[in-house]
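Structural description and commentary
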Amino acid sequence: ALSEDEVRELYDEAREPQPSDSISPDAPTGLKIESKITGSNNVSTVNLSWNEAIDNVGVTGYILYRNGIKIAEVRETNYTDNNLSVGEYYYIVKAYDTSYNLSEESNEVYCDIYLQVFLQT
């Protein structure tokens, strides 16, 4: 158990302003499409992964963009994009830290989802 003085010291330390972090993480690298699956209803799923970004304090998460529009924020270095219809899709990812400093864009990956004809016998 902590003494009253130890509790007060921890409380006082927690109240001290933290130094501001103004350094953005490095851009994530190695963005790639791990797999693309299209079902019989022509709805597709794309599985993406990338390498962990580096930051002076620590990366908090990643923002994923499809065709320039933000689609998700995740803490992992992978994402599954579901319910995609026929079309062309471009993906990039950015990292952010606890101060929400955004990194530059990762490499861009391209995915073409096309209409599949399923024959029943």
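Everything here concerns the structure above.
We now turn to the structure provided with this report. (Residues numbered from 1 in each chain as written. Predicted model: local features only at pLDDT ≥ 70, side-chain atom pairs only at ≥ 80, totals over all residues. Heavy atoms only, no water.)

A word on the sheet that holds strand 4 (residues 69–74). Ordered by their spatial adjacency, four strands build an open sheet running 4-3-6-7, and the pairing between neighbours is antiparallel. Looking at the sheet topology across the chains shown, the edges are occupied by strand 4 and strand 7 (109–113). Pairs of neighbouring strands in the sheet enclose a mean axial angle of 25°, with direction left out of account. Bridge count between strand 6 (residues 87–97) and strand 7: five bridges; the pairing is antiparallel. Looking at the pairing, tyrosine 91 lines up with valine 109 of strand 7. (Pairing = 2+ DSSP bridges. Helix = DSSP H or I, 4+ residues; strand = E, 2+ residues; numbered from the N terminus. Axes fitted to C-alpha atoms, helices over the stretch in contact; angles between N-to-C directions.)

Although it is not a glycine, asparagine 67 sits at a positive phi angle of roughly 55°. On the accessibility criterion, asparagine 67 (38% relative accessible area) is partly exposed. The backbone phi angle of asparagine 83 is positive, close to 60°, even though this residue is not glycine. Mapped onto the elements of the fold, asparagine 83 is located in strand 5 (residues 78–84). (Buried < 20%, exposed > 50% of the residue type's maximum accessible area, 1.4 Å probe, protein only.)

Before going further, it helps to examine the environment of valine 43. Position of valine 43 among the secondary structure elements: in the loop between strand 1 (32–38) and strand 2 (44–49). By relative accessible area, valine 43 is classed as partly exposed at 31%. Here the alpha-carbon distance between valine 43 and alanine 14, two residues 29 residues apart in the chain, equals 50 Å. For valine 43, the contacting residues outside a window of four places in its chain are Ile37, Thr38, Asn83 and Leu84. (Contact = heavy atoms within 4.5 Å.)

Let us look at the sheet that holds strand 1. Read across the open sheet, the three strands follow the order 1-2-5; overall the sheet is antiparallel. The sheet is open, and its two borders are formed by strand 1 and strand 5, each paired with just one other strand. Between one strand axis and the next, the sheet turns by 15° as a mean value, whatever way the strands run. Here strand 1 pairs with strand 2 via six bridges, running antiparallel. Each bridged residue has a counterpart across the sheet, and for lysine 32 the counterpart in strand 2 is serine 49.

In this structure, Val46, Leu48, Trp50, Tyr62, Leu64, Tyr79 and Tyr91 are the most contacted members of the largest nonpolar core, which totals 18 residues. Counting residues per element, the ones that place at least two in this core are strand 2, strand 3 (59–66), strand 4, strand 5, strand 6 and strand 7. (Core = buried A, V, L, I, M, F, W, Y, C linked by side-chain atoms within 4.5 Å.)

The next point concerns the packing of aromatic side chains. Taken as a whole and judged by the stated rule, the model has three aromatic pairs. Aromatic pair tryptophan 50 and tyrosine 62: ring centres 5.6 Å apart, planes at 65°, arrangement edge-to-face. On the criterion of sequence distance, the pair formed by tryptophan 50 in the loop between strand 2 and strand 3 and tyrosine 62 in strand 3 is long-range, its members being twelve residues apart. The exposure classification of tryptophan 50 matches that of tyrosine 62, with both residues buried. Judged by centre distance (5.0 Å) and plane angle (50°), the rings of tyrosine 90 and tyrosine 110 are tilted. Here tyrosine 110 lies in strand 7 and tyrosine 90 lies in strand 6, a separation of 20 residues in the sequence. (Phe/Tyr/Trp six-rings, centres within 6.5 Å; stacked < 30°, edge-to-face > 60°.)

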